[in-house]
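Secondary and tertiary structure notes
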2 protein chains.
Amino acid sequence: MPLSRQGIALAALALIDEEGLESLSMRRLGARLGVEAMALYHHFPSKGDLLDAVMEQLLDEVEIPARDAMAPLDRLRALVTRYRGMALRHPPAFILLAARRFNTERAFAFYEVILEMFADLGFDAKQAARWFRLIGNFASGSGMADVASRERIADATPLRLEHDPEQIAFPRVRAVAPHLTVQSLDAVFEFGLDVLFAALAEAAPALKGLRRRSR
Amino acid sequence: MPLSRQGIALAALALIDEEGLESLSMRRLGARLGVEAMALYHHFPSKGDLLDAVMEQLLDEVEIPARDAMAPLDRLRALVTRYRGMALRHPPAFILLAARRFNTERAFAFYEVILEMFADLGFDAKQAARWFRLIGNFASGSGMADVASRERIADATPLRLEHDPEQIAFPRVRAVAPHLTVQSLDAVFEFGLDVLFAALAEAAPALKGLRRRSR
DNA sequence: ACCTGAACACCGTTCAAGT
DNA sequence: ACCTGAACACCGTTCAAGT
């Protein structure tokens with residue numbers, strides 16, 4: 001069975017998940033696939049292109065709720081929740097999504113569906129751009145922070161906030177620590193979504209009638 | 001003049017800003033400082049520790065508004081704005097803050113001041129934790145996204161969203177592109193802050209009286 | 001078309017040695 | 001205490017060669 005772009009990208013993702021982002025090298029990946037490092041260059045012009053393929057692999061894991069399955073607001077919220085869920089399944093790989101640029105066709109296709117949801121909510125392009133960034137940046141930042149708290153990252157020092165908060169000299173940080181443990185992060189994330197989606201519902205032109213009726 | 005931790009960290013930050021994160025190597029940094037790579041190990045046990053020092057250098061740049069200078073809400077908003085401002089001054093270095101873990105004394109000191117602001121707004125530890133993460137993750141995600149849009153990152157492909165949006169096959173992405181150009185990013189960020197701080201003001205126990213009076 | 005193997009110009013870090 | 005220099009086990013990538 002010869003190598004394929006998809007097969008290589010999947011193997012790269014597995015290697016990153018198991019051994020960390022820094023452990024991915026063309027030589028090690030080649031060894032995993034039973035091939036010399038240089039064989040990979042026949043499928044990807046550079047390591048950067050391989051990383052782009054890994055990013056697309058991650059995006060593909062985020063299932064987009066069908067348009068007729070739920071209301072626009074619920075669709076968007078489900079998507080954001082799944083995006084963070086993907087982050088938690090791939091802690092070391094998720095950094096790629098935040099650190100590298102989205103510039104591929106599949107990334108644009110992903111954006112298109114999200115922007116369609118904002119259009120369904122009645123927003124024009126300008127408002128869609130702003131809400132898209134607000135919610136998207138929150139999702140991206142949450143993914144990064146929650147991943148960092150779960151310490152699967154390479155050269156990880158023990159997380160003091162998690163393991164010995166009583167050792168921390170700052171009283172407010174110490175008091176907050178129990179509410180930012182790994183077990184609490186889901187609730188913290190949902191709280192953020194509650195705030196953002198309440199504001200979004202309030203602002204969405206398409207929900208104007210609904211709001212009046214419910215008052 | 002012998003080397004110092006601070007001097008090395010500043011030189012490392014300058015090197016990252018000028019040539020990108022991947023260009024920072026112990027050998028190149030040593031060369032800049034007129035010293036062999038191994039001399040640096042006398043001041044930092046590993047490259048990771050050096051990167052932690054660079055992160056602290058970045059944090060030190062974010063000036064914290066004095067407690068008596070403005071109202072708690074304005075203080076917090078000013079701080080978040082300055083945090084993103086720092087990101088825009090150090091595009092390639094900012095990735096460190098999002099990708100690496102905050103686990104140093106100075107990072108905790110930074111958190112402590114922010115948590116004090118939430119306490120000033122009347123929040124208990126649990127609520128402070130949630131608002132801290134909501135606003136912090138938005139700030140962090142915004143910094144990353146805005147930095148990526150300004151394309152100072154290494155191995156940068158030209159940003160299609162910025163340079164030839166008319167080439168993009170997806171109509172909604174194309175329509176949104178003009179509202180996400182570099183010139184628009186400040187306004188997009190401010191929009192996010194408007195939404196978040198309106199909700200925060202609404203929720204803050206310490207502002208309850210003020211709200212009643214203004215109605 | 002697909003893969004190998006040697007080579008080039010790099011890495012972080014160890015270790016023993018210099019002053 | 002502070003720095004050097006050689007060495008080790010790695011990198012990404014080029015290039016010529018094999019099938």
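Let me begin by describing the structure that accompanies this report. Computed from a predicted structure; not experimentally measured.

1. Focus on the side chain of N137(A)
Of note, N137(A) is situated in helix 7 (residues 125-149). Using a relative accessible area of 8% as the deciding quantity, one classes N137(A) as buried.

2. Focus: the interface of chain A and chain B
Contact residues are listed per partner, giving 61 residues for chain A and 60 residues for chain B. Summed over both sides, the interface between chain A and chain B buries roughly 5,300 Å², with carbon and sulfur atoms accounting for 65% of that surface. Where chain A packs against chain B, one counts two salt bridges. Residues R133(B) and D146(A) are paired through a salt bridge, measuring 3.4 Å at the closest nitrogen-oxygen approach. Across the contact surface, chain A and chain B share 10 residue pairs in polar contact (both at pLDDT 80 or more). For the side of chain A that touches chain B, the elements supplying multiple residues, two or more each, are helix 5 (91-99), helix 6 (105-120), helix 7, helix 8 (160-163), helix 9 (171-176) and helix 10 (185-203) of chain A. In terms of residues, the side of chain A that touches chain B owes the most to one element, helix 7 of chain A, which gives 18 residues. Here the side of chain A that touches chain B is built from residues that sort into 37 nonpolar, 10 polar and 14 charged.

3. Regarding the protein's contact with DNA strand D
Near DNA strand D there are 16 residues, and of these R27(A), M38(A), Y41(A), E36(B) and H43(B) occur at the shortest range. If you look at DNA strand D and keep only atoms within 4 Å of the protein, 54% of those are sugar or phosphate atoms. One nitrogen or oxygen atom from the side chain of R27(A) is found 2.4 Å from a base nitrogen belonging to DNA strand D. K47(A) has a polar side-chain atom sitting 3.0 Å from a phosphate oxygen of DNA strand D. Looking at which element gives the most residues to the surface near DNA strand D, the answer is helix 2 (residues 26-32) of chain A, with three residues. Classifying every residue of the surface near DNA strand D by side-chain character gives eight nonpolar, four polar and four charged.

What counts, and at which threshold
- Residues numbered from 1 in each chain as written.
- Chains lettered and ligands numbered in written order.
- Predicted model: local features only at pLDDT ≥ 70, side-chain atom pairs only at ≥ 80, totals over all residues.
- Heavy atoms only, no water.
- Helix = DSSP H or I, 4+ residues; strand = E, 2+ residues; numbered from the N terminus.
- Buried < 20%, exposed > 50% of the residue type's maximum accessible area, 1.4 Å probe, protein only.
- Contact = heavy atoms within 4.5 Å.
- Buried area = accessible area lost by both parts, 1.4 Å probe.
- Salt bridge = Lys/Arg side-chain N within 4 Å of Asp/Glu carboxyl O.
- Polar contact = N/O pair within 3.5 Å; in protein donor to acceptor, adjacent residues only side chain to side chain.
- Nonpolar A, V, L, I, M, F, W, Y, C, P; charged D, E, K, R; others polar.
- Near = heavy atom within 4 Å.

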